[in-house]
Amino acid sequence: MRKKFLLLLTSAALAIALPAAAQDKPLAGKSITVLMPSPQGPDIASAFEAETGIHVDLQTLSWDDIRPKLVTALVAGTAPADVTEFDWSWTGQFAAADWYMPLNDVVDADTIKDIGVAKIFTVDGKLLGIPYTNDFRVMLVNKKHFADAGVTEMPKTLDQLVAAAKKIKEKGIATYPIGLPLSATEGASTSWYLLTKAFGGELFDKDFNPLFTKPDSAGYRALAFELMLLKEGLVDPASTGLKDSQINEGIFSQGLTSIMISGEPGRLGSMNDPKQSKVAGQVEAILVPTESGETRSFGLPEALAIPNVSPNKDAAVAFVKWFTSREFQKKNMANGFLPTRTSALSELNSEGKLNSGDALIAQSKTVEALFPQGTPPWYPQFSSGVNTAINSVAKGQMTVDQAVESIAYATKQAMAQ
């Protein structure tokens, strides 16, 4: 009897003494695979395992290689990973294919409210991804170039922007003051989208009829504006063969240009790092200048999502929640990922840890969906048609009229597939 009593007492003591394994880490011992773009922070897997007991096999690929891998696996009905990258531009296609698990019931309402861009990943009421990096567009400028040219106020309108660029060029500070990708790549497309917004318009009406073919339309004028910048010698002719990353890293960060039309907030850290940039301390974000002077922007966020065929959904959900938490987003800022949570942005700014914080927070409040009616499944084909036409205009192989008609035709073909 005494032996039995001691055994019961010991069991009770163990239950009290070991709450961490049984309660704090209910999924300890499970394993998941996570597929994300490279590079990622080196301590992600170990930090998550230390906190949850869940082992993570973190796999990374270049951004351009991820979508083909996802599509190949998901078409075959296999899981490419338990948690995957989910870009804003894939939302329509992936939603139509019903490949991903809705997250409405596993993510609390306060999180969705805190992450405003989550709406970009919502289709027919289903939240398919939780945004982890807040990629929207601002304008990046070299404030020293502006000061050296005698420009004392940052531009709020497109006319002021052009005037500032001409002053910088006239002073010999930068031969080509404006960085603008004109190659047949996604960066050329997104720059045109931003300028279409800046001219006060949208790409399509609610039924996806093109709004950019008439000469007085915002999209037409945006493309004509890009051609003007090129002909005026404000944009390097070599941009017809350069990706946006090459202009950011090889030209702007080297002090060879003064303005990035379609600036990425996440680059502010590296651009102001003396180890990575020759213009450290000179780069800041400003609100996107527009024709009217009232700034506009759009979001290109990236999210984490869980394939329906994942065999480890509980552990996958735990990773998504952890990775998109306010605490981790603040830490991940050091790896170049701008938080998607408004609360994290505000805290970083109040702590003096957010480059151009006031501008970024102000711009983040103006971020719109590129497609208010939802990203269409044929977006990849549309974007390819856009940047191919832009590249042809920049090379003198097409007129603006021909280019917008070409984009409209590519849209029609994409929609018919």
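Above this text sits the structure in question.
Note that the structure is a prediction, hence the values are computed from the model and not measured. (Residues numbered from 1 in each chain as written. Predicted model: local features only at pLDDT ≥ 70, side-chain atom pairs only at ≥ 80, totals over all residues. Heavy atoms only, no water.)

**Looking at the overall build of the chain**
Consideration 1: Helices and strands together make up the secondary structure of the chain, namely 18 helices and 13 strands.
Consideration 2: Since a compact globule built from 417 residues should have a radius of gyration of about 22 Å, the 24 Å found for the chain is in line with a globular shape.
Consideration 3: Expressed as lengths along the three principal axes of its C-alpha atoms, the size of the chain is roughly 95 × 50 × 30 Å.
Consideration 4: Here the chain displays about 18600 Å² of accessible surface, and carbon together with sulfur accounts for 53% of that area. (Helix = DSSP H or I, 4+ residues; strand = E, 2+ residues; numbered from the N terminus. Rg over C-alpha atoms; globule rule 2.2 N^0.38 Å. Areas by Shrake-Rupley, 256 points an atom, 1.4 Å probe, with all protein chains shown as cover.)

**Here's the deal with the sheet that holds strand β2 (residues 55-61)**
Neighbouring strands of a sheet are bound in pairs by backbone hydrogen bonds; such pairs are parallel or else antiparallel.
Consideration 1: Here 5 strands make up an open sheet; going across it, the order is β2-β1-β3-β12-β6 and the pairing mixed. Every other strand in the sheet has two partners, leaving β2 and β6 (130-133) as the edge strands with one partner each. Ignoring which end each strand starts from, the neighbouring axes of this sheet average 35° apart.
Consideration 2: Across the face of the sheet, helix α4 (residues 63-75) comes into contact with β1 (31-37), β2, β3 (83-87) and β12 (302-305) while running at roughly 130° to β1.
Consideration 3: Seen against the sheet, helix α13 (residues 313-323) touches β1, β2, β3, β6 and β12 and runs at an angle of roughly 45° to β1. (Pairing = 2+ DSSP bridges. Axes fitted to C-alpha atoms, helices over the stretch in contact; angles between N-to-C directions. Contact = heavy atoms within 4.5 Å.)

**Some points on the environment of Q93**
Consideration 1: The topology assignment puts Q93 in helix α5 (residues 91-97).
Consideration 2: Taking C-alpha positions, Q93 is 3.7 Å from P377, a pair spaced 284 residues apart along the chain.
Consideration 3: Once you skip the residues sitting within four places of it in the chain, Q93 turns out to touch R67, P376 and P377.

**A look at the packing of helix α3 (residues 44-52) against α13**
Consideration 1: Contact geometry for α3 and α13: axes closest at 11 Å, N-to-C directions at 110°. The angle between α3 and α13 falls in the class roughly perpendicular. The interaxial crossing formed by α3 with α13 has right-handed handedness. Along the contact surface, α3 presents I44, A47, F48 and E51, while α13 presents A315, A318, F319, W322 and F323.
Consideration 2: Its residues placed into classes, the contact of α3 with α13 shows 8 nonpolar, no polar and 1 charged. (Parallel < 35°, antiparallel > 145°, perpendicular 65-115°, else oblique. Left-handed = near helix turned anticlockwise from the far one by under 90°. Nonpolar A, V, L, I, M, F, W, Y, C, P; charged D, E, K, R; others polar.)

**Focus: the nonpolar core**
Burial of nonpolar side chains together is a common tendency in soluble globular proteins.
Consideration 1: Formed by 126 residues in total, the largest nonpolar core has its most connected members in I178, W192, Y193, F319, F323, F371 and F382.
Consideration 2: Mapped onto the domain boundaries, this core takes at least three residues apiece from domain 1 (29-133 + 298-366) and domain 2 (136-296 + 376-414).
Consideration 3: The contacts of I178, once residues within four sequence positions are left out, are A165, L229, L234, V235, D236, T257, I259 and I261. (Core = buried A, V, L, I, M, F, W, Y, C linked by side-chain atoms within 4.5 Å. Buried < 20%, exposed > 50% of the residue type's maximum accessible area, 1.4 Å probe, protein only. Domains from an automatic or database assignment.)

**Some thoughts on the pattern of salt bridges**
Any two side chains of opposite charge can pair, so long as their charged atoms come close to each other.
Consideration 1: Under the defined criterion, the tally for this structure stands at 17 salt bridges.
Consideration 2: The partner of R137 in a salt bridge is D135, with the nearest N and O atoms 2.6 Å apart. With respect to burial, R137 and D135 carry one shared label: buried.
Consideration 3: For R296, the salt bridge is made with E202, and the minimal N-O distance between the two is 2.7 Å. Of this pair, R296 sits in the loop between β10 (283-286) and β11 (297-298) while E202 sits in the loop between α9 (186-198) and α10 (218-231), and the two are 94 residues apart along the sequence.
Consideration 4: The class of E202 is partly exposed, set by a relative accessible area of 24%.
Consideration 5: Counted as one network, the salt bridges with shared partners bring together R326, E327, K330, E347, E351 and K353. (Salt bridge = Lys/Arg side-chain N within 4 Å of Asp/Glu carboxyl O.)

**Focus on the packing of aromatic side chains**
Here a ring pair, both rings aromatic, is described through the centre-centre distance and the interplanar angle of the planes.
Consideration 1: Per the stated rule, a full pass over the model turns up 34 aromatic pairs.
Consideration 2: With a centroid separation of 5.5 Å and 40° between ring planes, the pair formed by W90 and F94 is classed as tilted.
Consideration 3: Overall, W90 belongs to the buried group, its relative accessible area being 2%.
Consideration 4: On the basis of an interplanar angle of 65° and a centroid distance of 6.3 Å, the ring pair of Y193 and F298 is categorised as edge-to-face. Placement of the pair is Y193 in helix α9 and F298 in strand β11, with a sequence separation of 105 residues.
Consideration 5: Each member of the aromatic cluster is reached from another via a ring pair, and the members are W88, W192, Y193, F204, F208, F212, F298, F371, W378, Y379 and F382. (Phe/Tyr/Trp six-rings, centres within 6.5 Å; stacked < 30°, edge-to-face > 60°.)

**Comments concerning helix α8 (residues 158-170)**
Consideration 1: End to end, α8 covers 18 Å across 13 residues, agreeing with the expected 18 Å (1.5 Å per residue, within 8%).
Consideration 2: If you check which residues of α8 are buried, you get L158, L161, V162, A164, A165 and I168. All buried residues of α8 fall inside an arc of 160° around its axis, so they share one side. Of the residues in α8, the exposed ones pointing more than 90 degrees away from the buried face are D159 and E170.
Consideration 3: Looking at the buried positions of α8, the neighbouring elements they touch are β7 (138-142), α7 (143-148), β8 (178-179), α9, α10 and β9 (259-263). (Expected span 1.5 Å × (residues − 1). Arc of directions from axis to C-beta.)

**Considerations on the packing of α9 against helix α17 (residues 379-394)**
Consideration 1: Interaxial distance between α9 and α17 falls to 8 Å at its minimum, and their mutual angle equals 90°. Taken together, α9 and α17 sit at an angle that is classed as roughly perpendicular. Contacts between α9 and α17 involve E186, A188, S189, W192 and Y193 from the former and Y379, F382, S383, V386, N387 and I390 from the latter.

**A short note on helix α16 (residues 357-364)**
Consideration 1: Looking at α16, one finds that the buried residues are G357, A359, L360, I361 and Q363.
Consideration 2: Residues of α16 that are buried make contact with β7, α12 (268-271), β10, β11, α15 (342-350) and β13 (367-368).

**Some words on the environment of E249**
Consideration 1: Mapped onto the elements of the fold, E249 is located in helix α11 (residues 244-250).
Consideration 2: In this structure E249 comes out as partly exposed when scored by relative accessible area, which is 46%.
Consideration 3: Taking C-alpha positions, E249 is 8.2 Å from M271, a pair spaced 22 residues apart along the chain.
Consideration 4: Filtering out sequence-adjacent residues up to four positions away, E249 remains in contact with Q254 and R267.
Consideration 5: Side chain to side chain, E249 and R267 meet in a polar contact 3.0 Å long. (Polar contact = N/O pair within 3.5 Å; in protein donor to acceptor, adjacent residues only side chain to side chain.)

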